[in-house]
Amino acid sequence: MTANASKPIRVWITPPGPNSWKTIFLREELGLNYEIKAFRFDDVKKKPFIDINPNGRVPAIEDPNTDLTLWESGAISQYLIEEYDLDKRLAYTSLKEKNLCNQWLHFQMSGQGPYYGVCSWFQHLHPEKIPSAIERYADQIKRVLSVLESVLVAKPADAQWLVGDKMTYANMAFVPWNFRLSEVLVQSWDEVWEGTPHVRAWHERMIELPSWKRSMEHRARCMDEQGLQWNGAPKGIETFTDYEVKIAAGEDTTAKE
Ligand SMILES: N[C@@H](CCC(=O)N[C@@H](CS)C(=O)NCC(=O)O)C(=O)O
């Protein structure tokens, strides 16, 4: 049973980056009452948003039902599960499974998100191309994927989830960054999953969910409203390479991360 929020929970997002979509995905899967407050990436370190999150990063939420303002997507996931997923459809209450979900969420927050984010930065947005930096973080991504693979491969064929035998919020947390792997590594969809077929199958099961599809429809709409293409580049710029040239020339400071 989901205890629905009687007043909509406000979710502050900038549409291009992946972290906000972790929160939206969970809300969609729980069927929660929420509203998106989308604003431009250029304003992430400005008022009014820094009054919500002094760290100037999205997502952040304001829940009028509990009078709580919260930032850091991992903390938001745990709050939503605690407060609204009453029968723990996407979590466990048993000591072992509950803590293992927590472990995977921490791994996602400290191991997946930052490495993918930094790789993407050096790959696309850093004004100089530094191959050793790109290689370092691309290798870290491959390592994170291989950790996931080693766990999923050992699970029974009909229960390939990180913890127990069902999808939990911990699995869902990995989806938004893995969804961007082709862009981050600049490789085809088949190439990014080389050597990690169980991670690929796990990821592809989750992106087939209606809740993920709805989340991506919201992203498409928010990007469109801000004049951005799906990859984060402003409309009118043909390729990401052209966008990189503009960034390097200092013509665009709205780098999307
Ligand atoms: N650990 C944070 C990371 C959030 C984060 O880095 N969000 C990006 C967008 S995906 C952002 O707001 N970046 C702003 C900036 O780089 O100044 C979380 O998971 O909530």
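What counts and what doesn't
- Residues numbered from 1 in each chain as written.
- Predicted model: local features only at pLDDT ≥ 70, side-chain atom pairs only at ≥ 80, totals over all residues.
- Heavy atoms only, no water.
- UniProt positions renumbered as here; feature names shortened; annotations may be inferred.
- Phe/Tyr/Trp six-rings, centres within 6.5 Å; stacked < 30°, edge-to-face > 60°.
- Helix = DSSP H or I, 4+ residues; strand = E, 2+ residues; numbered from the N terminus.
- Buried < 20%, exposed > 50% of the residue type's maximum accessible area, 1.4 Å probe, protein only.
- Core = buried A, V, L, I, M, F, W, Y, C linked by side-chain atoms within 4.5 Å.
- Contact = heavy atoms within 4.5 Å.
- Pairing = 2+ DSSP bridges.
- 1 Å grid on protein atoms, 1.4 Å probe; cavity = no way out; pocket = protein on both sides within 12 Å on 5 of 7 lines; lining within 4 Å.
- Points joined across faces, edges and corners; volume = space filled by probe spheres on them.
- Nonpolar A, V, L, I, M, F, W, Y, C, P; charged D, E, K, R; others polar.
- Arc of directions from axis to C-beta.

In the annotation of an unreviewed UniProt entry, the chain is listed under the name glutathione transferase and assigned to Anthostomella pinea. Quoted straight from UniProt, the Sequence similarities (unreviewed entry) entry for the chain says "Belongs to the GST superfamily." Under the Catalytic activity (unreviewed entry) heading, UniProt states for the chain: "RX + glutathione = an S-substituted glutathione + a halide anion + H(+)".

Caption draft 1: Seen up close, the packing of aromatic side chains. Inspection of every chain in the model, using the stated rule, returns 13 aromatic pairs. Seen in terms of ring centroids, Trp-12 and Phe-39 are 5.9 Å apart; in terms of plane orientation they differ by 70 degrees. Their pairing is edge-to-face. Pair noted here: Trp-12 is in strand β1 (residues 9-13) and Phe-39 is in the loop between β2 (34-38) and α2 (49-52), with a separation of 27 residues, a long-range link. Given a relative accessible area of 11%, Phe-39 falls into the buried group. Judged by centre distance (5.0 Å) and plane angle (75 degrees), the rings of Phe-25 and Trp-212 are edge-to-face. Of this pair, Phe-25 sits in helix α1 (residues 19-30) while Trp-212 sits in helix α11 (residues 210-225); the two residues are 187 residues apart in sequence, bridging distant segments of the chain. An aromatic cluster is present here, built from Trp-104, Phe-107, Phe-174 and Trp-202 joined pairwise through their rings.

Caption draft 2: Expanded view of the nonpolar core. In this structure, Leu-80, Leu-148 and Trp-202 are the most contacted members of the largest nonpolar core, which totals 56 residues. With near-sequence residues (within four places) excluded, Leu-80 lies in contact with Ile-9, Leu-26, Arg-27, Leu-30, Leu-32 and Asp-85. Residues Trp-12, Phe-39, Phe-49 and Ala-60 belong to the second largest nonpolar core, which totals 7 residues.

Caption draft 3: A look at the pairing of strand β3 (residues 60-63). Relative to β3, β1 runs antiparallel, the two being bridged by 3 bridges. Looking across to β3, one finds that Arg-10 is bridged to Glu-62. Both β3 and strand β4 (residues 68-71) contribute to a ladder of 4 bridges, which runs antiparallel. Following the sheet pairing, Asp-63 is matched in β4 by Leu-68. Taking the residues that link successive antiparallel strands as the turn, the β3-β4 hairpin has 4 residues, and the phi of Asp-67 there is positive, at about 60 degrees.

Caption draft 4: Region of interest: empty space enclosed by the protein. The final tally for this structure, using the stated rule, is 3 cavities of 30 Å³ or more. Forming the walls of the second largest cavity are Pro-18, Trp-21, Pro-176, Phe-179, Arg-180, Trp-212, Met-216 and Arg-219. For the lining of the second largest cavity, the leading source of residues is α11, giving 3 residues. For the lining of the second largest cavity, a count of residues per class yields 6 nonpolar, no polar and 2 charged.

Caption draft 5: Seen up close, the environment of Ser-211. In this fold, Ser-211 is placed in helix α11. With relative accessibility at 2%, the residue Ser-211 sits in the buried group. Between the alpha carbons of Ser-211 and Phe-174 there is a distance of 15 Å; along the sequence they are 37 residues apart. If we ignore the near neighbours within four places in the chain, the residues touching Ser-211 are Phe-25, Glu-28 and Glu-29.

Caption draft 6: Layout of the UniProt feature "domain: GST C-terminal" (unreviewed entry) in the chain. Those places that UniProt annotates as "domain: GST C-terminal" (unreviewed entry) correspond, in this numbering, to residues 94-223. From the first C-alpha to the last, residues 94-223 spans 40 Å; its make-up is 74% helix and 0% strand.

Caption draft 7: Region of interest: helix α12 (residues 240-248). Here α12 has its buried residues at Phe-240, Tyr-243, Glu-244 and Ile-247. The buried residues of α12 occupy one face: seen down the axis, they fall within an arc of 100 degrees. Within α12, the exposed residues directed more than 90 degrees away from the buried face are Thr-241 and Val-245. Contacts from the buried residues of α12 go to α4 (95-125). Immediately downstream of α12, the backbone of Gly-250 shows phi near 75 degrees, a positive value.

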